[in-house]
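Residues per chain are reported as follows:
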Amino acid sequence: MKKYDVIIIGAGHAGVEAANVLNKQKIKTALITFKKSDISYLFCNVSIGGSAKGIVVKELYALGGLMPIVADQTQLQTKILNKSKGPAVQALRAQVDKLNYPKLMQEKILEMKYLDLIEDEVIDLSFDAKNKLNGVNTKKNKYIKANYILICTGTFLDSKIMQGTDIYRSGPNNLKTTSGVSLQFKKFNLQLLRLKTGTPPRVFKDSINFDKLKIEPGSNDPIYFSEKRLITKDYQNIPAWILYTNQKTHKIIRDNLDKSYLYSEEITGIGPRYCPSIEDKIKRFYQKDHHQVFLELESENLDTIYLSGLSSSLPKDIQDKFLKTLPGLEKVKIAKHAYAIEYDSLNPIQLKQTLELKKIPNLYTAGQINGTSGYEEAAAQGLVAAANIANKINKKSPFVLDRNEGYIGVMIDDLTSKGINDPYRLLSSRAEYRLLLRSDNAIRRLYKKAYKNSLIDNNTYDLWKKRIAKIDNLILKITNLKVTKKEQEIDELLKNKKISIKENTFPIINLLKRPEISIFDIDKILTLKLKDFFDLTIEEKKHLEVEIKFEGYIKKQEIEVRKYLKYQNLKIQDDFNYQDILNLSKEAKEKLTEFKPSTIHQAKNISGISPSDIIILMNFLNKKN
Ligand SMILES: Cc1cc2nc3c(=O)[nH]c(=O)nc-3n(C[C@H](O)[C@H](O)[C@H](O)COP(=O)(O)OP(=O)(O)OC[C@H]3O[C@@H](n4cnc5c(N)ncnc54)[C@H](O)[C@@H]3O)c2cc1C
């Protein structure tokens, strides 16, 4: 009989991050998955990161995760999203290679000394006579023993694929579906939700007329989730393309809506609100005469293009028809049709913040099984669940990130305190302390906690600690640094930027705090005047710039955090009149009046109450008291 400390079921994005954490802590683990080739498979788009998610990947790097390094090593194109907006919402998106990403992850998994990769199917969980979890039953290996189980089975639970009227039981990509775990959850009276998601068609590159498309290049230089020093691959900057749907496309889709499974009466699954299918978009936003479609090459070694924005569950012949109405796709050949998938997931309100089930000790779940959607959300949960299993085994306190410490903390708090109704995806609007949760400061925010929880090693900790001390020291020096108008570089800069300053001598931060001046405009001056400045990386310089430029706003948010921590237990009277609070949203007034929370903390956990509602409520009560 095989025996382990921990069994992870599923080697998707959650499972591999979990395996990495447990392996680093020398905990004997079995990673059971259908096939080795399923490891970190990219079922949908070929990108890692993006709005809010890109910040999660940076956080994963600070917590010793695998996803950032594998994404950097297999990137085809990178881009900073929301560049014209403030630093709080800027995030990196990397288009990665669909073949190389899982391949590299497989290599990393196979190198893990304390991990056995087992190709098998878990039929169900095993419990002893006292109903204590003691392992899993599998198809080939039969019983495998372990005290801790982490389920990361993604969209494979009791799933079915829909393409128009063609509906069949299947996992994604026509892989197996599995129902034993779902049945057991039902026996334990756990609440399961029926959710759905979809994927767009893939088409052959040589059947597209690219002359008709707008080219969308990536950044000129590579940008990394991790650090340049760790990446050996040259940057590709493979372009993407953009096209728009038109009235002809919309007419075909509208005329055939009754053939879409999504609009049939059989549908029970709830789809992702923030990533709707093309049928959904055309029905919901009927006044829009076009929708944007991004075309992305799937791999350097594949001749297929991913059509981002066109997920659908219409029949194949209708997909053939509407695709041919798109400019450049008149002669398109489809490599793989779009489909939708419906699956079981657990309402995550039944989990502790450690991702352990409240009802079943030592059983943890992570990833899409918890109702989230996205590779990054899954990876982050895998890391958190495994860190908590390791801490429980090692009798250490739980690993929990607060909402002011990371997007990962925001997500897990949302999931476990509010539960979900539809697939959960991370958005920057879910975070109330956005300016504290930036891409550029992920290491600063998390490295101490990462070290305390054995997620990073001594060398990494020492390196990051020294670097942060160096940046802090430079911030202090820059804050105290004065320059004069007579200096040649300053004189040129003032002229070039048409800035007039009265004083002859002034602090250089008066320049840096201006929106039209970036750290790179004063790079030469700082390099000349400050010994340590020259060897900062571009990333570190940007971080230093944000810390100086936005110092006032950052301090303000830090005060909000302290206020929340202090006032979360502030009592609210049952008969409190929420209508008195002018700035509170209408929905918040209704919900708070209905649920009558007795503390700020309880108010925060009511579904539909946003983080900014809480800040408004807290400030009001605070003033009143
Ligand atoms: C059709 C489709 C469209 C999607 N569209 C989007 C999108 O547009 N945007 C987005 O962000 N995300 C999308 N996703 C979601 C994204 O793919 C997932 O969120 C992510 O892969 C979840 O990671 P995970 O680790 O939870 O599970 P997965 O990556 O699905 O991995 C699950 C693993 O579990 C294994 N497994 C399952 N059951 C068993 C068992 N009984 N025994 C052994 N092994 C088992 C499987 O082999 C698999 O390796 C889509 C997914 C699908 C399927």
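Predicted, not measured: the structure shown is a model, and the values here were computed from it.

**Student:** Now, about the packing of aromatic side chains: what can you tell me, with residues and values included?
**Tutor:** The full count for this structure, using the stated rule, is 11 aromatic pairs. With centroids separated by 6.1 Å and ring planes inclined at 75°, the aromatic side chains of Phe-576 and Phe-620 adopt a geometry described as edge-to-face. Residue Phe-576 is found in the loop between α17 (551-567) and α18 (586-595), and its partner Phe-620 is found in helix α20 (residues 611-624); the two are separated by 44 residues along the sequence. Note on Phe-576: relative accessible area 12%, which makes it buried. Judged by relative accessible area, which is 25%, Phe-620 ranks as partly exposed. A network of ring pairs unites the aromatic residues Phe-34, Tyr-41, Phe-43 and Phe-156 as a single cluster.

**Student:** Describe the sheet that holds strand β4 (residues 75-81), listing the residues and the values that go with them.
**Tutor:** An order of β3-β5-β4 is seen for the three strands of this open sheet, with the pairing classed as antiparallel. Two strands bound the open sheet, and with one partner strand each, they are β3 (47-49) and β4. With strand direction ignored, the average angle separating the axes of adjacent strands in the sheet is 20°. Of the strand pairs in this sheet, β3 and strand β5 (residues 91-96) are connected by three bridges, and their pairing is antiparallel. Counterpart to Ile-48 in the pairing with β5 is Ala-94. Taken strand by strand, helix α2 (residues 53-62) contacts β3 and β5, and its axis lies near 75° from that of β3.

**Student:** Describe the sheet that holds strand β15 (residues 240-244), with residues and values.
**Tutor:** Read across the open sheet, the six strands follow the order β14-β15-β16-β17-β13-β18; overall the sheet is antiparallel. Either end of the sheet is taken by a strand with one partner, and the two such strands are β14 (214-216) and β18 (334-336). On average, each strand axis in the sheet is inclined to that of its neighbour by 35°, with strand direction left out of account. Here strand β13 (residues 202-204) runs beside strand β17 (residues 304-308); their pairing, made up of three bridges, is antiparallel. Bridging from a neighbouring strand, Arg-202 pairs with Tyr-306 of β17.

**Student:** Tell me about the pairing of strand β7 (residues 122-127), and name the residues and values.
**Tutor:** Of the strand pairs in this sheet, β7 and strand β8 (residues 133-138) are connected by five bridges, and their pairing is antiparallel. When the bridges of β8 are listed, Asp-124 appears paired with Asn-137. Linking β7 back to β8 in an antiparallel pair, the connection comprises five residues, with Asn-131 at a positive phi of about 65°.

**Student:** Tell me what's going on with unusual backbone geometry, and back it up with residues and numbers.
**Tutor:** Its identity as a non-glycine residue notwithstanding, Ser-40 has a phi of 50°, on the positive side. Secondary-structure assignment places Ser-40 in the loop between β2 (29-33) and β3. Residue classification places Ser-40 among the buried residues on the basis of a relative accessible area of 0%. Within the chain, Ser-454 stands out as a residue other than glycine whose phi angle is a positive 55°. With relative accessibility at 31%, the residue Ser-454 sits in the partly exposed group.

**Student:** Please provide a residue-by-residue account of the pattern of salt bridges, values included.
**Tutor:** Applying the stated criterion across every chain yields a total of 42 salt bridges. The residue Glu-298 makes a salt bridge to Lys-98 at a minimum N-O spacing of 3.5 Å. Placement of the pair is Glu-298 in the loop between β16 (292-297) and β17 and Lys-98 in the loop between β5 and α4 (100-110), with a sequence separation of 200 residues. Of the two residues examined, Glu-298 and Lys-98, each falls in the buried class. Across the salt bridge formed by Lys-392 and Glu-356, the nearest N and O atoms sit 2.7 Å from each other.

**Student:** Tell me about the environment of Arg-444, and please be specific about residues and values.
**Tutor:** Its location among the elements puts Arg-444 in helix α11 (residues 442-452). A residue is classified by how much of its surface remains accessible, and Arg-444, at 24% relative accessible area, is partly exposed. Distance from Arg-444 to Glu-59, taken between C-alpha atoms, is 9.9 Å for residues 385 residues apart in sequence. If sequence neighbours within four positions are ignored, Arg-444 has contacts with Ile-468, Ile-471, Asp-472, His-543 and Glu-547. For Arg-444, the side chain forms a polar contact with the side chain of His-543, separated by 3.0 Å.

**Student:** Any details on the site of the ligand? Residues and values, ideally.
**Tutor:** For the ligand, the set of nearby residues contains 36 residues, the closest of which are His-13, Ala-14, Val-122, Gln-368 and Gly-374. Asp-38 is positioned with one of its side-chain polar atoms (N or O) 3.0 Å from an oxygen atom of the ligand. A distance of 3.3 Å separates an oxygen atom of the ligand from a polar side-chain atom of Lys-53. Protein burial of the ligand: of its 990 Å² of free accessible surface, 98% is covered by the chains. Every element with two or more residues in the shell around the ligand is listed here: α1 (13-24), β2, β12 (192-199), β19 (339-346) and α9 (375-393).

**Student:** Provide a residue-level description of α2, including the pertinent values.
**Tutor:** The buried fraction of α2 amounts to 10 of the 10 residues, a majority that puts the element mostly inside the structure. Within the span of α2, buried status applies to Lys-53, Gly-54, Ile-55, Val-56, Val-57, Lys-58, Glu-59, Leu-60, Tyr-61 and Ala-62. Looking at the residues trailing α2, positive phi occurs at Gly-64, about 80°.

**Student:** Describe in detail the nonpolar core, supporting the description with residues and values.
**Tutor:** Counting 108 residues, the largest nonpolar core has Ile-48 and Ile-149 as its most contacted members. When residues of this core are assigned to their parent elements, the largest contribution, 11 residues, is made by α9. When residues of this core are assigned to domains, at least three fall in each of domain 1 (202-340) and domain 2 (458-551). Ignoring any residue separated from it by four or fewer positions in sequence, one finds Ile-149 in contact with Ile-7, Ile-9, Leu-125, Leu-133, Gly-135, Val-136, Asn-362, Leu-363 and Tyr-364.

Calculation criteria
Residues numbered from 1 in each chain as written. Predicted model: local features only at pLDDT ≥ 70, side-chain atom pairs only at ≥ 80, totals over all residues. Heavy atoms only, no water. Phe/Tyr/Trp six-rings, centres within 6.5 Å; stacked < 30°, edge-to-face > 60°. Helix = DSSP H or I, 4+ residues; strand = E, 2+ residues; numbered from the N terminus. Buried < 20%, exposed > 50% of the residue type's maximum accessible area, 1.4 Å probe, protein only. Pairing = 2+ DSSP bridges. Axes fitted to C-alpha atoms, helices over the stretch in contact; angles between N-to-C directions. Contact = heavy atoms within 4.5 Å. Salt bridge = Lys/Arg side-chain N within 4 Å of Asp/Glu carboxyl O. Polar contact = N/O pair within 3.5 Å; in protein donor to acceptor, adjacent residues only side chain to side chain. Near = heavy atom within 4 Å. Areas by Shrake-Rupley, 256 points an atom, 1.4 Å probe, with all protein chains shown as cover. Core = buried A, V, L, I, M, F, W, Y, C linked by side-chain atoms within 4.5 Å. Domains from an automatic or database assignment.

On their own, these measurements won't tell you what the molecule is for.
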